[in-house]
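Listed below are the residues making up each chain.
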Amino acid sequence: MTEAGTALGYEQARDELIEVVRKLEAGGTSLEESLALWERGEELAKVCRNWLEGARARLDSALAGRDGEGASGAAEE
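This section reports on the structure supplied with the text. (Residues numbered from 1 in each chain as written. Predicted model: local features only at pLDDT ≥ 70, side-chain atom pairs only at ≥ 80, totals over all residues. Heavy atoms only, no water.)

Here we look at the nonpolar core
Proteins that are soluble and globular tend to have nonpolar side chains buried together. The condition is simple: Grouping buried Ala, Val, Leu, Ile, Met, Phe, Trp, Tyr and Cys residues that are joined through side-chain atoms within 4.5 Å yields what is termed a nonpolar core. The cut-offs for exposure are 20% and 50% of the maximum accessible area for each residue type, with area from a 1.4 Å probe on protein chains only; residues under the lower value are buried, those over the upper are exposed, and the others partly exposed. Each helix corresponds to a stretch of at least 4 residues labelled H or I by DSSP, and each strand to a stretch of at least 2 residues labelled E; elements are numbered beginning at the N terminus. A contact between two residues is defined here by any heavy atoms of the two lying within 4.5 Å.
Ranked by size, the top nonpolar core spans 7 residues in total: L8, A13, V20, L37, L44, V47 and C48. When residues of this core are traced back to their parent elements, those giving at least two are α2 (10-26) and α3 (31-76). Among the elements that take part in this core, α3 stands out by supplying 4 residues, more than any other. Those residues in contact with V20 that sit more than four places away from it in its chain are L37, R40, G41 and L44.

Some details on the pattern of salt bridges
To be explicit about the condition: Salt-bridge detection follows one rule: a side-chain nitrogen of Lys or Arg within 4 Å of a carboxyl oxygen of Asp or Glu.
Taken as a whole and assessed by the stated rule, the structure comprises 6 salt bridges. Between E16 and R40 there is a salt bridge; the shortest N-O distance is 2.8 Å. Of this pair, E16 sits in helix α2 while R40 is found in helix α3, placing the two residues 24 residues apart along the sequence. Between R66 and D67 there is a salt bridge, with the nearest N and O atoms lying 4.0 Å from each other. Beyond isolated ion pairs, a larger network of salt bridges with shared partners links E16, R40 and E43.

Encoded structure:
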């Protein structure tokens, strides 16, 4: 992933990815332009996937911490 890709927030990457898909679906671009759009779309999808995986890990960690507190609280009673 490029340095610019890592600086993108999830919403920005998602919105740009939507625009890339629209351009590809509309057609009318040369093969070279289509390939460049496809490659950019792959980069943007990876950025989005990384953000979502990070969010999932944070949720899992928070839930595990909450479950761990509940279990230790019950054992102390």
